[in-house]
Protein chains: 2
Amino acid sequence: MSPIENLIRELGKLPGVGAKTALRLAYHLVKGPKENVRRLARALDRVADRVHACPECGNYCDAELCSVCGDPSRDRKVICVVEEAYEVGAIERAGRYGGLFHVLGGRLSPLDGIGPDELAIAGLVRRLDGAGGRVREVILATNASVEGEATAVYLEGVLRPYPVRVTRLARGIPVGSDLEYIDGTTIAEALAGRREM
Amino acid sequence: MSPIENLIRELGKLPGVGAKTALRLAYHLVKGPKENVRRLARALDRVADRVHACPECGNYCDAELCSVCGDPSRDRKVICVVEEAYEVGAIERAGRYGGLFHVLGGRLSPLDGIGPDELAIAGLVRRLDGAGGRVREVILATNASVEGEATAVYLEGVLRPYPVRVTRLARGIPVGSDLEYIDGTTIAEALAGRREM
């Protein structure tokens, strides 16, 4: 296989990159300066060499602990549970959360063969045990999809024996959106969760 | 910058890859086996190390000449001019062309600063001069866009002093398509170019 065909095949393995996109990307790289190709290769090597899961929360990092777990100023009484590591960034960017995280690494999806053992649920339980009652609240920030919801319900059952408050992100109207474009289920949730002004 | 942020930045430089896609691709790579990340890095390095433009036609290759120019069975009397190297593959896959190629490396687009000197037009003229009248036909296979058409018209002027037949790919109805979805200009071209059955 020629180097270009080989690159097209490797690029085509990326999610959302079909045969035509892989071809276009490969020829874009071939046509451009070789430094750009090497810079991307080095970025990939650096990730392969240095990035690993944080032993505490499962977020990716290149230090011993991730930047959240390693930050002594974070509130260790709250753990926010997310499905994927990139969702940590979404919550961090919101700038309103000062606690810790726990990355499940997916969500319950029996049809895809993802059961509780495939997720970092045992690790979450270990953290609660290890903290010896210091954790006061676990926020379930799984996605608002059917699988995310099912994962939250399952986790609630797992956490019931622990003396922690288990909360869920509020459902409602996204900020900045028009009611006329919001589906009925969301409006029903927003009504049920309405607050005093 | 962390290795993941660095990878997101590099992936985001690819055409059609925005910030969200770069993030998704990077986390997909981080989450998967490290071998996959390294395999992609090696594929990139191999392209950077070994792929260069064929000195004859401008197509990309990793040998001294590209597979077409280096094939003694190809018909050296015909040169098919394409805009980009990946279009060579499209014509080769059709399986009906046995001549040589010439890759322009783009198309005339004055607004983007692409004039005749930015394209491999001098190289095409050199090939015709060097062949000493052996080339009988130049097929202009630039795209059927405004710029592709303008590039073909320009090339026709450049080639006029040479004793070669200059042809253009036929315009017409794409095989397998319904007339009702074809635009009027294409139907007009198909009518003008109609052939005896």
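Note: the structure precedes this text.
These remarks concern the structure in this document. (Residues numbered from 1 in each chain as written. Chains lettered and ligands numbered in written order. Predicted model: local features only at pLDDT ≥ 70, side-chain atom pairs only at ≥ 80, totals over all residues. Heavy atoms only, no water.)

Taken together, the contacts link 43 residues of chain A with 43 residues of chain B. A buried area of about 4,300 Å², summed over both sides, lies between chain A and chain B, and 66% of it is on carbon and sulfur atoms. The largest share of the area that chain A buries against chain B comes from P3(A), L44(A) and Y60(A), three residues that together contribute 14% of it. Between D45(A) and R42(B) there is a salt bridge, with the nearest N and O atoms lying 2.8 Å from each other. Taken together, chain A and chain B are joined by 14 residue pairs in polar contact (both at pLDDT 80 or more). Among the secondary structure elements, those contributing two or more residues to the side of chain A that touches chain B are α1 (3–11), α2 (19–31) and α3 (34–50) of chain A. Take the side of chain A that touches chain B: its biggest share by element is 15 residues, from α3(A). Each residue belonging to the side of chain A that touches chain B can be placed in one class, and the counts come to 24 nonpolar, five polar and 14 charged. (Contact = heavy atoms within 4.5 Å. Buried area = accessible area lost by both parts, 1.4 Å probe. Salt bridge = Lys/Arg side-chain N within 4 Å of Asp/Glu carboxyl O. Polar contact = N/O pair within 3.5 Å; in protein donor to acceptor, adjacent residues only side chain to side chain. Helix = DSSP H or I, 4+ residues; strand = E, 2+ residues; numbered from the N terminus. Nonpolar A, V, L, I, M, F, W, Y, C, P; charged D, E, K, R; others polar.)

All names here are of chain A. Within the secondary structure layout, E137 lies in strand β5 (residues 137–140). Side chain to side chain, E137 and T167 meet in a polar contact 2.8 Å long. Filtering out sequence-adjacent residues up to four positions away, E137 remains in contact with K77, V78, I79, V164, R165 and T167.

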